[in-house]
Amino acid sequence: MKRHGILNSDISRVLSYMGHTDRICIGDCGIPIPDETERIDLAVKFGVPTFMDVLKEVGDDMKIEKIVLAEEIKENNLKVLAEINEYFAGQEIEVEFVSHVGLKEMTKECKAVIRTGETTPYANIILQSGCIF
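Within every chain, residues take consecutive numbers counted from 1 along the sequence as written. Local features in a predicted model are, by the rule used here, given only for residues with pLDDT of at least 70; side-chain atom pairs are given and counted only at 80 or more, and totals for whole chains, interfaces and linings are based on all residues. With hydrogens and water excluded, all non-hydrogen atoms of the structure serve as input to the side-chain values.

A. Main features of the overall build of the chain. From N to C terminus, the chain includes five helices and six strands. Secondary structure counts use DSSP, requiring at least four H or I residues in a row for a helix and at least two E residues in a row for a strand, with both numbered from the N terminus. The secondary structure elements of the chain, listed N-terminal to C-terminal, are α-β-β-α-β-α-α-β-α-β-β. The C-alpha atoms of the chain give 14 Å as radius of gyration, which agrees with the globular expectation for 133 residues (14 Å, within 12%). In terms of its C-alpha atoms, the chain occupies a principal-axis envelope of roughly 40 × 35 × 30 Å. A radius of gyration in this sense is built from C-alpha atoms; the matching globule rule multiplies 2.2 Å by the number of residues raised to 0.38.

Okay, structure coming up:
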């Protein structure tokens with residue numbers, strides 16, 4: 001039995017088969033998930049688990065070269081944006097901002113969307129896998 005790292009078998013499986021430039025999304029409890037994209041639903045109740053709790057665990061378990069955020073987070077959720085910036089501080093990670101509609105469209109190309117219990121607006125991120133060697 002695992003002692004460290006992500007215990008959720010679905011997240012662990014998806015991360016293990018991701019290659020360079022593959023993407024995974026972590027979203028709030030309201031993010032629409034396309035039928036063709038795997039849904040990993042962690043939402044237990046409003047606010048549990050939080051977006052940042054899940055981002056930190058997934059981010060600690062993968063090499064990330066780029067993140068994609070909704071442009072709207074800059075005006076509507078400065079708290080989560082600051083937490084994201086703090087988490088990635090000092091790392092060489094490209095940051096791209098797209099419209100919220102564009103981000104939702106991009107989830108069709110993600111290996112999976114992880115749904116959290118987060119209820120704050122625009123708490124959604126796409127993580128692009130980097131190369132570990």
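B. Spatial organisation of the side chain of Asn-77. Structurally, Asn-77 can be placed in the loop between helix H3 (73–76) and helix H4 (78–88). Looking at Asn-77, its side chain comes within polar contact range of the main-chain nitrogen of Val-80, at 3.3 Å. In this description, contact between two residues means that some pair of their heavy atoms is separated by no more than 4.5 Å. Not counting residues within four places of it along the chain, the set of residues in contact with Asn-77 comprises Thr-120, Pro-121 and Ala-123. Two N or O atoms form a polar contact when they lie within 3.5 Å of each other; inside protein one atom must be a possible hydrogen donor and the other a possible acceptor, and for residues adjacent in sequence the pair counts only when both atoms belong to side chains.

C. Summary view of the environment of Asp-53. Tracing the backbone shows Asp-53 in helix H2 (residues 51–60). The buried label goes to any residue with under 20% of its type's maximum accessible area, the exposed label to any with over 50%, and the partly exposed label to all in between, with areas taken from a 1.4 Å probe on protein chains only. Exposure remark for Asp-53: the relative accessible area of 45% places this residue in the partly exposed category. On a C-alpha basis, the gap between Asp-53 and Thr-120 in space is 14 Å, while along the polypeptide they are 67 residues apart.

D. Region of the structure containing the pattern of salt bridges. Whenever a carboxyl oxygen of Asp or Glu lies within 4 Å of a side-chain nitrogen of Lys or Arg, that contact is scored as a salt bridge. Within this structure, the stated rule accounts for eight salt bridges. Of the charged contacts, one joins Lys-66 and Glu-96 as a salt bridge, the two residues approaching to 2.7 Å between their closest N and O atoms. Of this pair, Lys-66 sits in strand E3 (residues 64–70) while Glu-96 sits in strand E4 (residues 94–98), placing them 30 residues apart in sequence. Given a relative accessible area of 12%, Lys-66 falls into the buried group. Glu-71 serves as the salt-bridge partner of Lys-74, at 2.8 Å between the closest nitrogen and oxygen. According to the relative accessible area criterion, Lys-74 is partly exposed, its value standing at 35%. According to the relative accessible area criterion, Glu-71 is partly exposed, its value standing at 36%. Sharing partners across several salt bridges, the network here consists of Asp-10, Arg-13 and Glu-38.

E. Inspection of the packing of aromatic side chains at higher detail. In summary, the pairing rule links any two rings of Phe, Tyr or Trp, Trp by its six-membered ring, whose centres are within 6.5 Å, and it sorts them by plane angle into stacked for under 30 degrees, edge-to-face for over 60 and tilted for everything else. With the rule as written, the count across this model stands at one aromatic pair. Ring centres of Tyr-87 and Phe-88 lie 4.8 Å apart, and the angle between their planes is 75°; on these two criteria the pair is classed as edge-to-face. Note on Tyr-87: relative accessible area 17%, which makes it buried. The exposure class of Phe-88 is buried, given its relative accessible area of 8%. Lys-74 extends its terminal NZ or CZ atom over the ring of Phe-97, reaching a point 4.1 Å from the ring centre. Note on criteria: charge over ring means Lys NZ or Arg CZ within 6 Å of the ring centre, with the direction from the centre no more than 35 degrees off the ring normal.

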